[in-house]
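# Architecture and fold: a report
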Amino acid sequence: MAARGKSPRGIRPSLHPGGLRCDSVTYSRYAPSSRLVRRAQEQSRCSRDFHHGLPGHGDRQYTAASPLGQEGSQELKISTLRPVFRLSLLTAFACVAAPGCGGHPDLPIPEPDKTLVIGVSQEPDALFGIVGNLMVSGDVGSFIWRPLLLIDSRRRPYCVLCTELPSLENGLLKVDEEKGLMEATFQLRRGLQWADGTEINAYDAAFAWELMSDEQYPHGASYMEPVGDVEALDSHTIRVVYKTLWPFGNSDLRLRLIPERYYRPIWEQYRSEGGAYWDRFLADERVSVYPRANGPFQVREWVSGSHILLVRNPSYNLGPPPSLERILVRVIPDLNALAIAVSTRQVHLTDGWLTLEQARELEEAPGIEIRYVDAAWLEHATLQINHPPFDDLRVRQALLLAVDRAGINHAIFRGKQPPAHSWVHPGHPAHNPGLPRYGYDPERAQGLLEQAGWSREGDGPLRNARGEPMRLTLITIAGDRTRLQVVSVLQALWQELGIQVEIRPESARLLFPDTLQKQNLQPGGVAVWRWVVQPEATVSAYGLWWPRGTNLDQLTSGSPWDAVQENKDLIRQALGTIDDEERYSLLRRQQEVWVRELPTLPLYWHVRVVSIDQRLTGYVPSPDQYLGWGVDEWRFGAASFLPPNGSGVFLAAGFRSTIAASRHRRTGKPSLLNPESPNGAD
Amino acid sequence: MYRHLLKRTAQTIPVVFFVTVVVFSLMQLAPGDPMDMLVLSNPNVTPEEVERLRAVYGLDDPIYVQYFRWLSQVVQGNLGYSRLYHRPITSILPQRLANTLALTGLSLLVSILIAIPIGIYSALRQYSVMDYLLSMVAFVGISFPVFWSGILVILLFSVVLGWVPPGGHPSIEPGLGFWGQARYYVAPVLVLSFFSTASWMRYMRSSLLEVIRQDYILTARAKGLPGRVIWVRHALRNALIPIVTLIALTIPALIGGAVVTEIVFSWPGMGRLIFDSLMNNDYYLAMAIFLIFGVLVALFNLLAEVAYAFLDPRIRME
Amino acid sequence: MEPSRTRSGVTPWQRLRRHRLAMISLGLLGVIALVSLLGPWLSPHSYSRVHLQQHLQPPSASHWLGTDELGRDVLTRLLQGGRVSLFVGLTAALLSALAGILIGAVSGYFGGFIDTLLMRFTDLMLSIPSLPLLLILSRLGKGTVWEIVGILVIFGWMSLARIVRGSFLSLREMQFVDSARVMGIPHWRIILRHILPNTMAPVIVYATLNLGYAILAESSLSYLGLGIQPPLPSWGNMLLNAQHYLKVAPWLAVFPGLLIFVSLLSVNFLGDGLRDALDPRLKI
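Residues numbered from 1 in each chain as written. Chains lettered and ligands numbered in written order. Predicted model: local features only at pLDDT ≥ 70, side-chain atom pairs only at ≥ 80, totals over all residues.

## Here we look at the overall build of chain C
So the rule is basically this: Only runs of H or I of at least four residues qualify as helices and only runs of E of at least two qualify as strands under DSSP, and these elements are numbered from the N terminus. With C-beta atoms placed from the backbone, a residue is buried if 20 or more other C-beta atoms are within 10 Å of its own, exposed if 12 or fewer are, and partly exposed between those counts. We call two residues in contact when the distance between their C-beta atoms, placed using the backbone, is within 7 Å.
Along the backbone of chain C there are 11 helices and 0 strands. Its helices and strands in sequence order give chain C the pattern α-α-α-α-α-α-α-α-α-α-α, from N to C terminus. For chain C, with 284 residues in total, the buried portion stands at 53%. The contacts of chain C with a sequence gap of at least 6 include a subset with a gap of at least 24, amounting to 70%.

## Overview of the sheet that holds strand β7 (residues 181-187) of chain A
Residue and element names in this part refer to chain A. To keep things clear, this is the line we draw: One requirement defines pairing of two strands: DSSP has to find at least two bridges between them. Axis geometry follows a simple rule: fit a line to the C-alpha atoms, using only the stretch in contact for helices, then measure angles between N-to-C directions, giving values from 0 to 180 degrees.
Here we have 4 strands laid out as an open sheet, ordered β6-β7-β9-β8, and antiparallel in their pairing. Either end of the sheet is taken by a strand with one partner, and the two such strands are β6 (173-176) and β8 (227-234). Going across the sheet, the axis of each strand differs from the next one's by a mean of 15°, ignoring polarity. Where β8 meets strand β9 (residues 237-242), 6 bridges bridge the pair, whose relative direction is antiparallel. When the sheet's bridge partners are listed, E231 is paired in β9 with R239.

## Concerning the packing of helix α6 (residues 129-143) of chain B against helix α8 (residues 178-211) of chain B
All names here are of chain B. For clarity, the threshold we go by: Under this scheme an angle from 65 to 115 degrees is roughly perpendicular, one under 35 degrees roughly parallel, and one over 145 degrees roughly antiparallel; angles in between are oblique. Rotating anticlockwise by less than a right angle from the far helix to the near helix defines a left-handed crossing, while the corresponding clockwise rotation defines a right-handed one.
Closest axis-to-axis distance for the α6/α8 pair is 7 Å, and the angle between their directions is 130°. Relative to α8, the element α6 lies oblique. With respect to the hand of their crossing, α6 and α8 are arranged in left-handed fashion. Residues A138, F139, G141 and I142 of α6 form the contact with α8, whose own contacting residues are F194, F195, T197, A198 and M201.

## Points about helix α8 (residues 175-182) of chain C
Among the 8 residues that make up α8 of chain C, 0 are buried, leaving the element largely open to the surroundings. Where α8 of chain C terminates, the next one or two residues include G184 of chain C, which has phi positive at roughly 80°.

## Structural notes on the nonpolar core
Under the convention used in this document: Think of a nonpolar core as buried Ala, Val, Leu, Ile, Met, Phe, Trp, Tyr and Cys residues chained together by C-beta atoms that fall within 7 Å.
Counting residues in each nonpolar core, the largest one holds 328 residues, and the members touching the most others are A205 and L338 of chain A. Per-element tally for this core: the top contributor is helix α9 (residues 187-223) of chain C, with 16 residues.

## Quick word on α8 of chain B
Condition: Any helix carries an expected span of 1.5 Å times its number of residues minus one. Fitting axes to the seven residues ending at a residue and to the seven starting there, one defines the bend at that residue as the angle between these axes.
Taking 1.5 Å of rise per residue, 34 residues should cover 50 Å, yet α8 of chain B covers just 41 Å from first to last C-alpha, more than 12% shy of that figure. Within α8 of chain B, the axis deviates most sharply at Y185 of chain B, by approximately 35°, and proline P188 of chain B lies no more than four positions further along.

## Some remarks on the interface of chain C and chain B
Note: interface size is frequently given as the accessible area lost on complex formation between the parts. Our working definition: Residues are grouped as follows: Ala, Val, Leu, Ile, Met, Phe, Trp, Tyr, Cys and Pro are nonpolar; Asp, Glu, Lys and Arg are charged; all remaining types, including Gly, are polar.
The interface is formed by 30 residues belonging to chain C together with 32 residues belonging to chain B. Contributing elements (two or more residues each) for the side of chain C that touches chain B: α4 (112-127), α5 (130-140), α9, α10 (235-242) and α11 (251-278) of chain C. When grouped by side-chain class, the residues that make up the side of chain C that touches chain B number 20 nonpolar, 6 polar and 4 charged.

Printed below as a string of structure tokens:
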């Protein structure tokens, strides 16, 4: 089971069938269903029902009387009242398109049965645990799959399918410093089941490795680097061999299990047919659409373009069955429509889709809680630093000093997305709080530019000694409104320095692979985009600090930054340091170098807007985790605890505590995390 | 007649393939390919590995090789699979096509049913206040972009009045009765038909205006036929002919769906499918869609011709 | 045959002037176009200059229509947007009219194989849902004004080509065409000087209608992220952006919406008036 709460709580034993003691009320699910009893169940906040002993009834639905039933009956009266009807019409035009207005106090709220509706604005690409590019695939997948290990909201790894994390102390982690090798051994819990009732065993981990290290693996076989092998020592022992020292060897979040008994024949069949077998294997509906997995839910129906219906997995025995019976994931591509669905309480949970402006309006809507959760998404500007004018440090510093990041935060982000001062999020233990900061200082910027040989006459363009004007092209993602706003501000502010700035929106598909990787970022090009920093927080931000001969190589190679030996040394050391504290201190020093040299311009940290219907309790949005990892704890349909109209007060308080409690980043799926989410879903 | 139809059918086949060639080339010309995104998620990837994967998927073959590979599969009845949705194309397309046709077909029906009487009225009372007023209302419909009117309609009907769900497809509530399902159609159909009613109304109006100036109407009048007979038997019937043709010509376009409406109302239709496939470089999916378009368009054009020949005796003379 | 003058000796212009609504529309369009053309020069503000401290201000003396979320003057942006939208609309309408006339005329005048070929092509373009192709094309470009115009032209010429062809088919059988041919006047001259003037009525009407559709199509493209890209304003993308601020700053939506509405309405009424004024069959 996935503990998402404050501490990783290890694994609970599977539960006994039959009735259950809960809040000192003992009841059986099939007790006489008088209205009172059912109401009591609702109010006891213990609507988790255990039906293991009652096979065949697993999917029966609660028909609990709605605590909102009275409002439902009011609806009838209202629709017969003509004047009210006319009044409503007026309101419609008075508050057009304002979702906040949407919370019509008399509106019938759909009866809360046990179907939780989650709104997403993008459809997942695949739900097979080891493939997928989109954040949303990870979010939906997190209801279906349970990996070997996970991280909690404090970014600490804990075992999900295994019994204990390997460490040097318990002997499960073996490190050979001289040869630079290491291996970790995981013991699987016994008796865990896949959805078909077969036991989860070590061969499933080896099978997942086989798939992921296959040369046709869609993400590239090198994805698992530096893992050298994953093997099953016996039915419940997994050994992971690393080719180099790897600080996360005892908690590699990429490790997966795929039910071998079910999938091997399918896999072998496609493989024997040759060609692009991995791709065709993935296109099999048994693989990407209706995967057989081990999470608390499984896909009952996936109507492309419309919704995904998840129902309980009857074989799930990692923990008690979840209280929710069904989860409906609705794809609502238009964000305004999504906000309206939230405000009318037809969508009960959204995470990371709504905009800050929509959040502001929804804050006033009754029955909905809005939270702002720190995300480890660094918005930054990538420059071609191995080419003039950006090869000059003073120019880079001047550009950053000329940006009123606090002003942007105030005007566009309502103060929610603070300026970034490093590539490590302030919530991460490796963050260095003592770094020098680049505040808004246009005069100093002008001075630095003059030192660098760029001067201007009066309001004329900024020119260098040869009389050439400074020209920049700001590249960003077409159709991304917020980014275009930010870029417009950058343009305006840089123009005030006399720099000629042109904006070039580009499609998300092209920005990263084409523009940044294939030398299409012309000299003077500045690309503004988002980097999703991994939870491991050290080794993923290649483009930001390490010219590694891969992705963003073309931007940095041969640059002064490339030549900073101190940076290279610190990174190399950090990569080989297994002790967390020691590694963090190396990274803190590396950040000093980074801020001094400014290889890219950090702009701000994103927050995710989370909307939660009050009837849903137990969901704790967390920076690093996928949506459904804590679904076991969720309850839906219980009476709300927040006062219907005073929710704003609660929100403000809730917001602060959320920020305080969770200054961490959210990852992409630890496996498939990535730079910019490709479809502009970000 | 049959020979003519047969000839036309034969003519459409090369046209359909011409379309697929054009689409395929255009897609290949656009920068970027499906590999880019997948490999992006791998920070360890090397250029060599990317090349190897591209070779596996046949993405580095010349365009014509890729095209003929696709064609040979299609001829064998295999549309391939979508690289965006990771499933066989045949498992996505029919459903989407049905959803879209239900939406656009219904909208066409509604708008024609509204537009024709209004158009007739406007033509009869040309330059009257009512004529101007109706035109004005119709233009309100045209002037509002759908992404705007759609949201307004959702706000009015589902937020304020609470009559209909704010978007979505009835399949999200299994077991709905006819009326339950119909509620999901109200808002998108309203918006779509509002948008096109105006133009149908204008067509109807000008078509009728044109007909009543024809000599045969004058003749009929001179013969002393009663006004009602002239209007219904002579004017209206003839005025409807171009409208019917136009409707037939519009039908193929219905298949394409309405991207913006489908996005605003979260409708799982063809418009969004095309949009997504094109934006994500899902070649096979896009090609399959265009192939189906081609075939259906050809089919409907034939039907239109038959209908036209049936309605207008002058055609048969040819 | 002199089409522009009817038996009663009334010129189309005189007839148009009698069409009050059309004249009002023409006036309105003229004013909008003129103000858009001159406005950005007269305005003390810049359409792209950002003033973060003054964002989302309601209409006031210094900002007549308020400011947007980046503190830019809405009026100035609206005028600049008018330039863009009207330019896109006008150019697209004009160019697609030219293309339609050319293809229709050639097809109708020469007939035979050329006609079959061109008309099959026209049918094809007409019946393929245009948006998908539009999407493909816009993916190739970067959303500059000319690209948007080009895309709109590619999908705007077909109906016109059909209409022109239809007129040509009937007109080329007329005696005055025969006599011109007998006199040895070259084809292009017959097409241009003798037949074309007779088909101008529907062409003008259609071109005006196209203008309206082009403005709208641009806004739909903006919605899909493929239209005119900010910070360059167009009415369409301003309207789109305003959706996010409806509650806090309704003025952002009202004015671009109103302008699109008024322009489209005017264009359509003008088209109506033109049709009535130009249609030679109206000679009863």
